[in-house]
Amino acid sequence: MKSIEQCKQGMRAIVRFRRRSVFMMAGIAIGVATLSVLNSIGENTRRDTVKRVKNMLGTFDTVMVRPGGKTRGMVSLSNVDPSLKFEDAAAIAREIAGVKQVARLQNAFDIDVSYRDQQISPAVFGVSDNWLALRGDEVEQGSFVSAEDDRRMMRVAVIGSDVRKSLFQQASPIGKTIRIGGVPFEVKGVLASRGAGPAGASLDNIVIIPVSTASRRLFNRDFLTMIIAQVKDPDDSTKVAAAISRLLRERHQLAPGMLDDFNITDPQAVLAQLTNVNSTLTMILRGVAFLGMFGGGVVIMALMTLGVSERRREIGLRQSVGANRGDILFQFLFEAFVVASSGGLFGAAVSWGGVEAVAAYQKLPAVFDQQALLASIALAAIVGVVFGSYPAWKASRVDPVAALRS
Amino acid sequence: MILVENISKIHRRNDGAPVHALRNVSISISAGEFVTIRGASGSGKSSLLNILGCLDRPTGGSYRLAGEDVSSYSDRSLARIRNQKIGFVFQAFQLLPRTTAVENVEIPMVYSGSRVDRRRALQALERVGLGARARHFAAELSGGEQQRVAIARALINDPALVLADEPTGNLDFAASSEIMRIFKELHADGRTIVMVTHDESIAAHARRQILLSDGAVIEDAAICAEERWQ
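Residues numbered from 1 in each chain as written. Chains lettered and ligands numbered in written order. Predicted model: local features only at pLDDT ≥ 70, side-chain atom pairs only at ≥ 80, totals over all residues.

### Considerations on the overall build of chain B
Within chain B one finds eight helices and 10 strands. The C-alpha atoms of chain B give a radius of gyration of 18 Å, which matches the 17 Å a tight globule of 230 residues would have. Its C-alpha atoms give chain B principal-axis dimensions of about 50 × 45 × 35 Å. Scored against the burial criterion, the 230 residues of chain B give a buried share of 47%. In chain B, the proportion of contacts linking residues at least 24 apart, taken out of those at least 6 apart, comes to 69%. (Helix = DSSP H or I, 4+ residues; strand = E, 2+ residues; numbered from the N terminus. Rg over C-alpha atoms; globule rule 2.2 N^0.38 Å. Buried ≥ 20, exposed ≤ 12 C-beta atoms within 10 Å, placed from the backbone. Contact = placed C-beta atoms within 7 Å.)

### Topic: the domain arrangement of chain A
Segmenting chain A into domains produces domain 1 (2-52 + 277-405) and domain 2 (62-232). Between domain 1 of chain A and domain 2 of chain A, the C-alpha centre-to-centre distance is 57 Å. (Domains from an automatic or database assignment.)

### Brief notes about the interface of chain A and chain B
Each side of the interface is counted separately: chain A has 21 residues, and chain B has 24 residues. Of all elements in the fold, only helix 1 (2-16), helix 11 (312-320), helix 12 (325-362) and helix 14 (400-405) of chain A reach the threshold of two or more residues within the side of chain A that touches chain B. Top element by residues in the side of chain A that touches chain B is helix 11 of chain A. It accounts for six residues. Tallied by class, residues from the side of chain A that touches chain B come to seven nonpolar, six polar and eight charged. (Nonpolar A, V, L, I, M, F, W, Y, C, P; charged D, E, K, R; others polar.)

### Details of the nonpolar core
Taken as a class, soluble globular proteins show a tendency for nonpolar side chains to be buried jointly. In this structure, Ile300(A) and Leu125(B) are the most contacted members of the largest nonpolar core, which totals 117 residues. If we ignore the near neighbours within four places in the chain, the residues touching Ile300(A) are Met24(A), Gly27(A), Ile28(A), Ala336(A), Ala340(A), Gly384(A), Phe387(A) and Gly388(A). By size, the runner-up hydrophobic cluster in this structure holds 56 residues, among which are Val113(A), Phe125(A), Val158(A) and Phe219(A). (Core = buried A, V, L, I, M, F, W, Y, C linked by C-beta atoms within 7 Å.)

### Side note on the confidence of the model for chain A
Residues with a pLDDT of 70 or more make up 92% of chain A, whose mean pLDDT is 86. Across chain A, helix 11 of chain A holds the top mean pLDDT of 96, while helix 9 (residues 267-274) of chain A sits lowest at 75. (pLDDT = per-residue confidence, 0-100.)

### Examining the sheet that holds strand 4 (residues 60-65) of chain B
All names here are of chain B. Read from one edge of the open sheet, four strands run 2-1-4-5, paired in antiparallel fashion. The open sheet has two edge strands with one neighbour each: strand 2 (18-29) and strand 5 (68-69). In this structure, strand 4 lies alongside strand 5, joined through two bridges in antiparallel fashion. Within the sheet, the bridge partner assigned to Leu65 lies in strand 5 and is Glu68. (Pairing = 2+ DSSP bridges.)

### As for the sheet that holds strand 8 (residues 192-196) of chain B
Residue and element names in this part refer to chain B. With mixed pairing, six strands are arranged side by side in an open sheet as 6-7-8-3-9-10. What marks the edges here is a single partner per strand, and that holds for strand 6 (86-89) and strand 10 (216-222). Direction aside, the axes of adjacent strands within the sheet are offset by 15° on average. Relative to strand 10, strand 9 (residues 208-213) runs antiparallel, the two being bridged by six bridges. When the bridges of strand 10 are listed, Ser213 appears paired with Ala216. Across the face of the sheet, helix 1 (residues 45-52) comes into contact with strand 3 (34-38), strand 7 (161-165), strand 8 and strand 9 while running at roughly 150° to strand 8. Against the sheet, helix 5 (residues 143-155) contacts strand 6 and strand 7, and its axis sits at roughly 170° relative to strand 6. (Axes fitted to C-alpha atoms, helices over the stretch in contact; angles between N-to-C directions.)

Next comes the structure, spelled out in structure tokens:
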């Protein structure tokens, strides 16, 4: 009963000193809003990164093998070792149990593609027919390169949406003849748009032809720029990657101690690295958010300490009519708790708007995590009680005799 | 009611030198008495009242209040005694200014462990003639009215002992007379009243005067006041 009555006294004090209460709430609200908005930026960025990586890798069940040692950037025929052969791809498909299928890629970036008087230099990909399924791509119009096309080294092409726009504008490209490095190809399909890759470049500026056609009739090269192995079970990708590595070392006759002449990307490892919750960005955001909450706490502590010295007579009076030190401590802690949690609530409301604004600015859907919101309100209450405990303790130590004399 | 034996109170000044506020004071006050404590400022009368009111502890000696030896009580127990057995009236009223009269009167009930009873608080205000001003903020009331609110607050938990520290010190003559009239009523109701004052005309209302000087009792006299009561 005493606690309930004391809480009522605390509520009245909050109203009585409303201006100070509002300032304290504002301090905490800013802290909470900072926390929520930064949290949402971090989460948004993480999701966007995952999306872009997914754009590049297609699905997360593929292991990519590229020639050369630790190469950086996009591979193409002009900058890789001729170490990865068509036979390596066949061997992976044949000998590694966890592999469902293997796609082959031979690509170049410096090939002119023209239609009538339009000329561009998109990425030219010679691929096997299973590329589409492996990448999770979709054909918007027409059809994709078939196994038959590949076997017969047909001069057919499937183009990305950027290429279609550049060469054909509004006209339908199906059945039209484009020239790739001067060689005529018939357009048989258009890919659906994929958007941007991890570096921000468009993935739609692309022309796809059968890999055998590319190898024999266009580039005249017998090595691949990439082998993509789809695993049967995505959880096995790390194991499969290791098996592929062993197989290729054996095939390339690399003695123990020699460096790989290829490199393997395990999607699990990439994803883990990109979505690492302890990434620098996350740590910085967390640090700033922590500082925001800390600032809110300091505001509470400072204003409450001032409040306690202004309310010494009230404290003395309460003691003279029967409040013990614990009662005084309780009332002030309660006031801090109420002010901080309502500040937290207010901050959450503000941050709702903030999150929407940030999302609009980042051009991403707003990530509003309800759980994080509740957590930040709870955190606000804790901050209030922790930072309010010093002034509340000060209040409980007021000497009634001295306080009432003043 | 009150049995004080050989109590002393020693303050330490900032330089560590001891100041004797009270020296071996022994007083016995029976239930129902109206006692005034007089003395020059610095004579120790407020120190004595604070100890009697359990707001302060003596440095030495013993204090029995209504049969309980409170000298050794904890903060929590002393707070309970102040809440249940003692009503304080201060010179500076000590009301919360931006709080209504009735809410001021309710404050001791907050710490009594029972529900705050608004009706009782209003009745207490009516008894001191302020029923009509119950919803006014304390700061809007005159000095005399504020002191009457303070008296209503002191009485809300029905204490046997009322301690008043210069209750008329901040009031004009008319207001003082009204306050003293109320105190006499309380005395007539059977409450024990101990009042600190340096005003002889106020002290004359009491049946017994204790005179303090330099922390010691120099006179403790029952006044044959029949002729003064008229």
